[in-house]
Amino acid sequence: MKIEIEVNGTPHQLDVDPRRLLVEVIREDLRLTGTHIGCLTGDCGACTVERDGEIIKSCLALAVAADGSALTTIEGFSGDDDLDPIQQAFWDEHGFQCGFCLPGMLFAARDLLAANPDPSDDEIRTAINGNLCRCTGYEPIVKSIRTAAEKLRSS
Amino acid sequence: MIATTFEYVAPAGLEDLDRLMSQDAVTVLGGGTWVIPELTAGLRSPGTVADLRLLGLATLEVGGEALRVGPMVTYAQVLRAAEALTGSAQLLPTMASGITGGSQIRNVGTIGGSACYASPSSDVPAVLVALNAVMHVRGVRGLRDLTAEAFFVDAFTSALEHDEVLEGITIPASQRDLKVGYKKFKLSESSYPIATAACLIAQEADGTVSSARVVVGAVCATPQVIPVDDLLVGQQVASALEAIADRVQDVCSEPYEDVLASAEYRRKISGVIAKRALVAAGVVA
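In this report, the structure presented in the accompanying data block is examined.

Definitions and cut-offs
- Residues numbered from 1 in each chain as written.
- Chains lettered and ligands numbered in written order.
- Predicted model: local features only at pLDDT ≥ 70, side-chain atom pairs only at ≥ 80, totals over all residues.
- Heavy atoms only, no water.
- Disulfide = S-S within 2.5 Å.
- Buried < 20%, exposed > 50% of the residue type's maximum accessible area, 1.4 Å probe, protein only.
- Helix = DSSP H or I, 4+ residues; strand = E, 2+ residues; numbered from the N terminus.
- Contact = heavy atoms within 4.5 Å.
- Buried area = accessible area lost by both parts, 1.4 Å probe.
- Salt bridge = Lys/Arg side-chain N within 4 Å of Asp/Glu carboxyl O.
- Polar contact = N/O pair within 3.5 Å; in protein donor to acceptor, adjacent residues only side chain to side chain.
- Nonpolar A, V, L, I, M, F, W, Y, C, P; charged D, E, K, R; others polar.
- Pairing = 2+ DSSP bridges.
- Axes fitted to C-alpha atoms, helices over the stretch in contact; angles between N-to-C directions.

1. Describing the state of the cysteines
Residue and element names in this part refer to chain A. Going through the model one piece at a time under the given rule, you end up with zero disulfides over all chains. The cysteine C39 is free of any disulfide, with C44 supplying the nearest cysteine sulfur at 3.8 Å. The class for C39 is partly exposed, based on a relative accessible area of 27%. In this structure C101 is not part of a disulfide, and its nearest cysteine sulfur, from C133, lies 3.9 Å away.

Given below as structure tokens:
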């Protein structure tokens, strides 16, 4: 089926089998492999992208159902060649190890801070409760998001 | 890639959907949080996937006498409308705020879809029963309305016939000063509830209860309305808590059982969760 999607500001016309998941088309057809497949059940959040202004788990969407949508993947997370302040905070605070969960965590962090610029630690933990990390034990992630919030508030 | 072949259709109008639904082996796709992983895991092999996304079914009509919830209304929409929801309808955003899986799930998961899936472990069914919701069902044979209680027939079984869809949900108006409480118990953050409780309490100025509704979910295959009038009406909630917990355990005498929790465990904690919901409602002095 022919679909039109905009990804990181670039329009694409694709012909996709309706059986393919959005995460598969992002990774395989568009070669944007920063979006990861961790579970295919909607639990881990490693496939998180932004679609039409909302974060979603792209393993829970058919590619054909994204016709007409505008997506942002991690490759488009920062508007330019520099790290976004949230990315910089994760870098500064060692908020990742293997990096598999990282794109999803960044989108969840941005989603939180857009709605709540001064979150408590509990609110940070709640905001990432759709994202699983097997490496860090979450503390460095919470610290990174706390630091990102401070940076954004003071900028 | 999903292993089985199917035809994917996103009908543009309800009449197109009606025609599709009269085919064999149609799976309706709403938010997708249940259906897509099942397709990926090969648990479902539809001939046709009918995607509801173009039908304009995500309207939430607030402000009239009753609350009209389209079947594609997401948890996130309900949360955004929270300030406009009064009385018993407050139960919806209270429940929606705790839906597992992050905002990514709440942005796409739908109240209607959860109702149609009728999983014992979901949050939505007991809340709809607590709200005395009316379920509007549509099929080629026509339209029919059911109470929420009648809609939930068994585990993973709603009252929908194979060629019917849920067209909408109406939450009747209630008194504005109703207190609502919702609690659920799950074994870990990413897990499904094994007991939920929803309560709606109206109190006089001195705290005596004038009306009460308590519904327990996830413990049994379908939501259980707990008869509490004899225990609560005319009483202070605090004095009735233990009796309510015992009554809940009696009502939930045939608990559901799955890999998450045994029937006996569910029955044991059912009363505790009901008490916690009442405390959460702020009605226990």
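2. Regarding helix α1 (residues 22-29) of chain A
Residues and elements named next belong to chain A. Inspection of α1 places L22, V23, E24, V25 and I26 among the buried residues, and these make up the whole buried set. The inward-facing, buried residues of α1 abut β2 (10-15), β3 (48-51), β4 (54-57) and β5 (70-72). Backbone geometry just after α1 places R31 at a positive phi near 55 degrees.

3. Side note on the interface of chain A and chain B
In this complex, chain A contributes 29 residues to the contact, which on the side of chain B involves 26 residues. Between chain A and chain B the total buried area reaches about 2,200 Å² when both faces are included, carbon and sulfur atoms providing 57% of it. Its largest share of buried area at the contact with chain B, chain A owes to R19(A), L60(A) and N129(A), together 31% of the area lost on that side. On inspection of chain A and its partner chain B, the count reaches one salt bridge. In this assembly, chain A and chain B are joined by ten residue pairs in polar contact (both at pLDDT 80 or more). No other element matches β4(A), which puts four residues into the side of chain A that touches chain B. The class makeup of the residues in the side of chain A that touches chain B is 13 nonpolar, six polar and ten charged.

4. Let's talk about the sheet that holds strand β1 (residues 7-9) of chain B
Residues and elements named next belong to chain B. The strand order β1-β3-β2 describes an open sheet built from three strands, whose pairing is parallel. Each having just a single partner strand, β1 and β2 (26-29) make up the two edges of the open sheet. Within this sheet the neighbouring strands show an average axis-to-axis angle of 20 degrees, counted without direction. Pairing analysis gives three bridges linking β1 to strand β3 (residues 48-51), with the strands arranged parallel. Along β3, the bridge assignment pairs E7 with T48.

5. With respect to the pattern of salt bridges
Close approach of charged atoms lets side chains of opposite charge pair. Using the criterion set out here, one finds 25 salt bridges over all chains in the structure. For D17(A), the salt bridge is made with R19(A), and the minimal N-O distance between the two is 2.9 Å. Residue D17(A) is classed as partly exposed on the basis of its relative accessible area of 27%. With a relative accessible area of 16%, R19(A) lands in the buried category. In this structure, the salt-bridge partner of E189(B) is K186(B), at a minimum N-O distance of 3.3 Å. Connected through salt bridges with shared partners, the residues R20(A), E28(A) and D29(A) form a single ionic network.

6. Digging into the side chain of S88(B)
Residues and elements named next belong to chain B. Residue placement: S88 occurs in the loop between α3 (75-80) and α4 (91-96). What makes S88 buried here is its relative accessible area of 5%. With residues near it in sequence (within four places) discarded, S88 still touches L131, I171, P172, S174, Q175, L178, V180 and L200.

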